[in-house]
Structure formats: C-alpha cells, structure tokens
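So the chains spell out like this:
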Amino acid sequence: MFDSIGRGFRLIWASIRMGWHDKRLLLPSVITVISNIFFAILLFVQAKTHFGGNSETANSFAKQGQGLLQGGADMANKMQMFGVNGPMDPTGMGSSMNAMSSDTALAVTGILCIWWLTNRFLEGVTTALVYSHLTEGRGSGRFSTAAAAVLTSLPAIIMLGAATLIAKRIAGWLRHKRGAGGVFGFGFNFLAGIIEVFWTLAGHLILPAIVIEGTSFWGAMKRADKMAQGNLLTIGVGEVGVDMICKIFTGVVYGIGVAGFGGAWYLGTGFTSAPVLMMAFAWAGLVLLVTALSIYIRSAFYTCLYVWAITAEEVEEAMRADVAPPAPLAAALTT
C-alpha cells in the first residue's frame, strides 16, 4: 500500500507540473467545479420552489449544493461525486427524487442529465488536451479543437451514460438484496462491488477511446476489452494510489473547514466577523483548488494509461516491456 501511495504522490506532482507548464489542461476542471456549484444551486432552488423550506428533499439538495462551501461529517465522501461514475451520473441523486411528484421529477431528471453530460463533456475536453500534450508536445492542444472533438462524440458519451445508469441500478439492486442475510447477502454485496469496480475502471478507459479515437460506444468497449485481454496495460490501476490520495487530501481539507466552523461556534466569535469570513473565503478557495486538481489528476492519469496502451499496441508483444510510459506515469514508476 505504501508503494502505491508513493507512486501516487509522484504521479500527482508530475501531473501538476504538466498542468502548470500548460495551464489550458487545468481549465476544464476549473469550469467543472463552477458548473457543479451552479447545478447544485439550481437543484436546491427547484426543490425549494416545489417543497418549501421544511422538505426533506429540499434539505438534501441544500446539503449537496452547499457541500463545497460548508463543513459536514461526510464531506470526504461528497468528493466522490466528481468521478466518471460518481453521483454526477443521472442516478447520483436519485434517492432524493423518491419524494417528488412526477412533474417535478421530470424537471429534476432533466437537470441531472444535463449536469452529468456537462461533466462528461468537460472531462472529455481534459482527456483530449492531455492527449495532445503527451503526443504532440506542450501547448499543442486547443480548447476549441478539443471541445469540437468531444461534441462529435456526444452520442457515444450519452450511451456511456446510459450503460453507467444500468450498471449502477444493477449494483444498487444487488446491494438492496444483501438484506437477505447469510451467504446470499454477502454474495449479492460482493457482486455489486465487482460491478461497480469493473464499470468504474472500464468507464475511465472507454471515455478516452471515444474522445481520442472518435469511435462509437461499442467500438470503445471493444478497445477497452482488447487492452485488458492483450495485457497492454502493464500496471494495475491499484498500483498507483491516485484515488486514495485525492480522497485523503480532500478529506483533510474538509476536516479543516469543519474544525474551523466548529471552533468559531464554540468560541462564540460569530460567523460574520471579519477574521472568520476571511478564513472561510480562504478555505472555500482551497476547496475549489483541491477539487479542480483532483478532477484533472484523475483524467490525466487515465489518459496516460490509455496513451501507454496504444503505444504498446504498435510494437511486438516481446518489445512492449521496453515501451516508455508518458512522463507523469514514468515519474510514478521510478524507484
């Protein structure tokens, strides 16, 4: 585990340096954070309008909409919303829709779908920009060109979303069945975990195939399967602990916010005093920065894996061990 964390830190640092040298790589992730806040507030307003201030649904949306700006006991888990198969998927906030009427549920479903598609679009732009940087050199990528490439792939990305929705529904159904207890309950939970892990990894490889190669959803599925069966990815994702480190860091940042708000409340200094407001704004800025970097680093990591795989595919199997990985991965794998 410690080796995995060490590799993760080296990859994160190399990815940040890559983004610092070509700041356009970071732009889609920054826009993603801003759009997440916008859509969360939009959902909160929608819930407030239809349910009023005492609605459980409204309160749920309020927590999600203010999650980037306030503390809470489960703040670290909220960061999982930004992954490819996280709660930004159409199913991400589905539990809050159970209390809605059909007309409101339709409006909220539309907002969630647009939210998910916006995140996937921006992640695709990051993938295209990182790919251009790795294969053509610093400064070669253009936001407009990457956005145009992703727009042409929207049908395949929408199919990826539909498949993700189905996979998550199946996993959720299996987890619900674990209430059966005993061996059957354990087995259902195990199968749900397998589906979630498999589809998370597959989704990270399918999206680069769609964006980089302009292939269809089914073509991207075949490409990901070919890479897995052909051992083109010579390291496992778990060998570089990027996700673990991102969760730890975001958890620490949120914990700082919780401690700060709690300390202000305990000391009775008030939340509107100048020092508290300054610290709150500084913390909110830190949250935005860490969130944007986490989104960017994950996209960069999986794009590096994909570039390494397609490079290895071009040579004979006996020579694949000599294929150098992209710079951030090379930094992670040094001993």
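Overview of the structure. Because the structure is predicted, anything quoted here is derived from the model rather than measured.

**Details of the overall build of the chain**
Line of reasoning, step 1. Looking only at helices and strands, the chain has 12 helices and 0 strands in total.
Line of reasoning, step 2. For the chain, the succession of helices and strands along the chain, N to C, is α-α-α-α-α-α-α-α-α-α-α-α.
Line of reasoning, step 3. Counting over 335 residues, the chain shows a buried share of 44%.
Line of reasoning, step 4. Looking at the chain alone, contacts between residues at least 24 apart form 74% of all its contacts between residues at least 6 apart.
Line of reasoning, step 5. When the accessible surface of the chain is summed, it comes to about 16,800 Å², and 67% of that surface belongs to carbon and sulfur atoms.

**Comments concerning the environment of C246**
Line of reasoning, step 1. Within the secondary structure, C246 sits in helix α10 (residues 242–267).
Line of reasoning, step 2. Along the chain, C246 and T291 lie 45 residues apart, while their C-alpha atoms are 8.7 Å from each other.
Line of reasoning, step 3. Once you skip the residues sitting within four places of it in the chain, C246 turns out to touch S294 and R298.

**So, the packing of aromatic side chains**
In this description, an aromatic ring pair is defined by two values, namely the gap between the centres and the angle between the planes.
Line of reasoning, step 1. The tally for this structure, following the rule as stated, stands at 6 aromatic pairs.
Line of reasoning, step 2. Centroid distance F38 to F39: 5.3 Å. Interplanar angle 70°. Geometry classified as edge-to-face.
Line of reasoning, step 3. Look at F39 and you get buried, because its relative accessible area is 9%.
Line of reasoning, step 4. Here F301 and Y302 contribute two aromatic rings whose centre-to-centre distance is 5.0 Å and whose plane-to-plane angle is 55°, an arrangement assigned as tilted.

**A few points about the side chain of T32**
Line of reasoning, step 1. Inspection of the secondary structure puts T32 in helix α2 (residues 27–51).
Line of reasoning, step 2. According to the relative accessible area criterion, T32 is buried, its value standing at 5%.
Line of reasoning, step 3. In this structure the side chain of T32 is engaged in a polar contact, spanning 2.7 Å, whose partner is the backbone oxygen of P28.
Line of reasoning, step 4. With residues up to four places along the chain from it excluded, the contact list for T32 reads N119, L122 and I295.

**Notes on the nonpolar core**
Line of reasoning, step 1. Judged by nonpolar contacts, the single largest core of 47 residues is most densely connected at L11, V125, I206, Y296, F301, Y306 and L329.
Line of reasoning, step 2. At 11 residues, the largest contribution of residues to this core is made by helix α11 (residues 274–313).
Line of reasoning, step 3. Counting residues in hydrophobic clusters, the runner-up holds 7 residues, among them F39, L43, L112 and W115.

Rules behind the numbers
Going along each chain's sequence as written, the residues are numbered from 1 onward. Only residues with pLDDT of at least 70 get local features here, since the model is predicted, and only at 80 or more are side-chain atom pairs given and counted; chain-wide, interface and lining totals rely on the full set of residues. The basis for the side-chain values is all heavy atoms of the structure; hydrogens and waters are excluded. What counts as a helix is a DSSP run of H or I of at least four residues, what counts as a strand is a run of E of at least two, and both are numbered from the N terminus. Only protein chains enter the calculation, and the probe is 1.4 Å; a residue is then buried if its accessible area is under 20% of its type maximum, exposed if over 50%, and partly exposed in between. Residue contacts follow a heavy-atom distance rule, with two residues in contact if any of their heavy atoms lie within 4.5 Å. We get accessible surface area from the Shrake-Rupley algorithm with a probe of 1.4 Å; when it comes to residues, only the shown protein chains can shield them. Two rings from Phe, Tyr or Trp (for Trp, the six-membered ring) form a pair when their centres are within 6.5 Å of each other. A pair whose planes differ by under 30 degrees is stacked, one over 60 is edge-to-face, and the rest are tilted. Pairing of N or O atoms within 3.5 Å defines a polar contact, subject to two protein rules: one partner must be a possible hydrogen donor and the other a possible acceptor, and residues neighboring in sequence count only if both atoms are side-chain atoms. Residues belong to one nonpolar core when they are buried, are Ala, Val, Leu, Ile, Met, Phe, Trp, Tyr or Cys, and are joined through side-chain atoms within 4.5 Å.

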